[in-house]
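Each chain, letter by letter, is given below.
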Amino acid sequence: MKKFSYVFIALFSLSLMTTSCREQKDTGDKIEDAVDDTGDAMEDAADDVEDAVD
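Overview of the structure. Remember, it's a predicted structure, so these values are computed and weren't measured experimentally. (Residues numbered from 1 in each chain as written. Predicted model: local features only at pLDDT ≥ 70, side-chain atom pairs only at ≥ 80, totals over all residues. Heavy atoms only, no water.)

## Comments concerning the overall build of the chain
For the record, the criterion: A run of H or I in DSSP counts as a helix once it spans at least four residues, and a run of E counts as a strand once it spans at least two, with each numbered from the N terminus. Only C-alpha atoms enter the radius of gyration; for comparison, a globular chain is expected to reach 2.2 Å times N to the power 0.38, where N is the number of residues. To sort residues, take the accessible area from a 1.4 Å probe on protein chains only and compare it with the maximum for the residue type: under 20% means buried, over 50% means exposed, and anything in between is partly exposed.
What the chain contains, in helices and strands, is two helices and zero strands. For the chain, whose C-alpha radius of gyration is 24 Å, the value lies well above the compact-globule estimate of 10 Å for 54 residues. Dimensions of the chain along its principal axes, counting C-alpha atoms only, are 75 × 25 × 5 Å. Relative to its full complement of 54 residues, the chain shows a buried share of 0%.

## What about a nonpolar patch on the surface?
Where we set the bar: Patch construction takes residues with relative accessible area above 30% that form no salt bridge. Like charges are linked within 9 Å, and nonpolar side chains (Val, Leu, Ile, Met, Phe, Trp, Tyr) are linked within 5 Å. For every accessible area listed, the method is Shrake-Rupley and the probe measures 1.4 Å; residues are considered covered only by the protein chains on display. For salt bridges, the criterion is a side-chain nitrogen of Lys or Arg within 4 Å of an Asp or Glu carboxyl oxygen.
Side chains of Tyr-6, Phe-8, Ile-9, Phe-12 and Leu-16 sit close together on the surface and give an oily, nonpolar patch of about 570 Å² of accessible area. Relative to the assigned elements, Ile-9 resides in helix α1 (residues 2–19).

## Some details on the environment of Asp-29
Secondary-structure assignment places Asp-29 in helix α2 (residues 27–53). The partly exposed category is assigned to Asp-29, whose relative accessible area is 33%. Separated by 17 residues in the primary sequence, Asp-29 and Phe-12 place their C-alpha atoms 32 Å from one another.

## Some points on the environment of Ala-52
Residue placement: Ala-52 occurs in helix α2. Residue classification places Ala-52 among the exposed residues on the basis of a relative accessible area of 66%. Taking the C-alpha atoms as reference points, Ala-52 and Asp-29, separated by 23 residues in sequence, lie 35 Å from one another.

## Considering the packing of aromatic side chains
Inclusion rule: Whether two aromatic rings pair depends on their centres lying within 6.5 Å, for rings of Phe, Tyr and Trp, where Trp uses its six-membered ring; planes under 30 degrees apart make the pair stacked, over 60 edge-to-face, and the rest tilted.
What the rule picks out here adds up to one aromatic pair. A ring pair is formed by Phe-8 and Phe-12, whose centres lie 6.5 Å apart and whose planes are at 15°; its orientation type is stacked. With a gap of four residues between them, Phe-8 and Phe-12 both fall in helix α1, about one helical turn apart.

Here you go:
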């Protein structure tokens, strides 16, 4: 029973360490993602207009 407790504590500690090390996006990355998304939306809209004209 004692070994089981040690294994459980070790696995719990390992899971805490791996989940708390997530990559955080800074403001520059968020802005870059927004610009990319806007560019993609504009391209999609242009394709839709082109299809509607045809």
